[in-house]
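Structure at a glance
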Amino acid sequence: MNPMTHIKLCGFADEADANRLGQIKALSENEIPYLEIRGVDGTNIADLSREAALQFKSELDAAGIQVWSIGSPAGKTNVHEDFDKALEQFRRLLDMAEIFEAKRIRLFSFYGTSGEESYFEEVCRRLNVFCDLCEEKGIIPCHENEKGIYGENAPRCLAIHKAVPRLKAVFDPANFVQCGQDVMEAWEMLSPYVEYCHIKDAAPDGHIVPPGDGIGALREYLPLYAAQGGVVLTLEPHLAEFVGLKALEGGQERSEVGGLNFENNRAAFDHAVMKLREILNG
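On a predicted model such as this, the values are computed, not experimentally measured, just so you know.

1. Quick word on the overall build of the chain
- The secondary structure content of the chain amounts to 10 helices and 12 strands.
- For 282 residues, the compact-globule estimate of 2.2 N^0.38 gives 19 Å, and the C-alpha radius of gyration of the chain, at 17 Å, lies within 12% of that figure.
- If one aligns the C-alpha atoms of the chain with their principal axes, the spans along those axes are about 45 × 45 × 35 Å.
- For the chain, the residues scored as buried account for 56% of the 282 residues in total.
- Long-range contacts, defined as pairs at least 24 residues apart, comprise 76% of the intrachain contacts of the chain with a sequence gap of at least 6.
- For the chain, the separation between the mean place of its 28 positive charges and that of its 45 negative charges on side chains is 4 Å.

Take a look at the structure:
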C-alpha cells in the first residue's frame, strides 16, 4: 500500500501567477486545496493591507481554498539590525494569519551570522520572542532552513530546535543541497521537528530542477514523512522567475532558478505539480 495516499498539496501560488485570481485558478485547476500565502498581486504578505487581505480571503473561501501557512519573510533580516522593526513586521504578519485563518507561519533565523556560534544566543533569543507572539495567537512557528541564515545546515537547525523547542521545522531539500548538506542526513536529524515540507529540488551544482530530478532525496524521505503522520507538502518549485523573487532573497546570493524553458510561470508551476504527483503515486 502506498503510504503517501493521504498527502495533500499546498502551493506558493504566486509562482504560478502574481495576480490573486490567477493564483486561485492555478490551485483550483491543479486540485490543490491549500495555499501558502506569500505574494498577492505583487505585494508581499508582510505589506498587504487589511482591506486587500479581507478581499482575497473572501475569494479563497468562495473557491474552497484554505491558507495552510503564512509564507512570511520574518527572520530574513540581519542579526545586526534593530529587532524592534522586525517585531513590528512580525505582528503585522500575525494579523494576516488571523485574517486568513492560518495556523502556521514560516520564519527564518537571520542573516549576518556567518554561522558563528557567538551569534547563537541572540538568534535563539529573537526566535523565542517570535514564539511568544505566536503562542498568544495560537499559531505554530515553523523555521525553514535557508542558505545564508544561521540555520543553514542540519546541525545548526538541530541546535536551534533543541534550544527553542516551541519552534517546528519546514523541511526544504533544495536549500540543503545548495548548502552542501546531505538531505537524508538532514532528514534523520530533523524529522522529529518537521511540521511540513517545501517541495523544491536541486542538482549537485545547486541549480533548481523539477521535483525528483535533483539530489533532494524526495523519493527517499517523503514516504518517511508520510509514515510519521505528515500530511501537507507545499510546492515552491522555483522553475521560473516570478514577481517578488529578488525581494524574497533579500539581496543575498541568488538562487539558480529554472534551467528548463516554459511558456510562462503557470506552465512551470503545472510541471512541478505533475512531477510531484508522479513521485507520490510511486
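Moving on from the coordinates now.
2. Considerations on the pairing of strand β9 (residues 194-199)
- A large share of β9 lies buried, amounting to five of its six residues.
- Two elements, strand β8 (residues 168-171) and β9, share three bridges in a ladder whose sense is parallel. Paired with A169 across the strands is V194, a residue of β9.
- Two strands pair when backbone bridges link them, and β9 and strand β12 (residues 232-235) are joined in this way by three bridges, in the parallel orientation. Residue pairing across strands places H198 opposite T234, the latter belonging to β12.

3. Some points on the packing of aromatic side chains
- What the rule picks out here adds up to 13 aromatic pairs.
- With a centroid separation of 5.2 Å and an interplanar angle of 90 degrees, the aromatic rings of F171 and W187 are classed as edge-to-face. One end of the pair, F171, is in strand β8; the other, W187, is in helix α7 (residues 183-190), with 16 residues separating them in the sequence. W187 carries the same exposure label as F171, and that label is buried.
- Its relative accessible area of 3% is what places W187 among the buried residues.
- K76 extends its terminal NZ or CZ atom over the ring of F108, reaching a point 4.8 Å from the ring centre.
- Sitting over the ring of F110, R126 keeps its end group 5.4 Å from the ring centre.

What counts and what doesn't
Residues numbered from 1 in each chain as written. Predicted model: local features only at pLDDT ≥ 70, side-chain atom pairs only at ≥ 80, totals over all residues. Heavy atoms only, no water. Helix = DSSP H or I, 4+ residues; strand = E, 2+ residues; numbered from the N terminus. Rg over C-alpha atoms; globule rule 2.2 N^0.38 Å. Buried < 20%, exposed > 50% of the residue type's maximum accessible area, 1.4 Å probe, protein only. Contact = heavy atoms within 4.5 Å. Lys, Arg positive; Asp, Glu negative; His and termini not counted. Charge placed at Lys NZ, Arg CZ, Asp CG, Glu CD. Pairing = 2+ DSSP bridges. Phe/Tyr/Trp six-rings, centres within 6.5 Å; stacked < 30°, edge-to-face > 60°. Lys NZ or Arg CZ within 6 Å of the ring centre and 35° of its normal.

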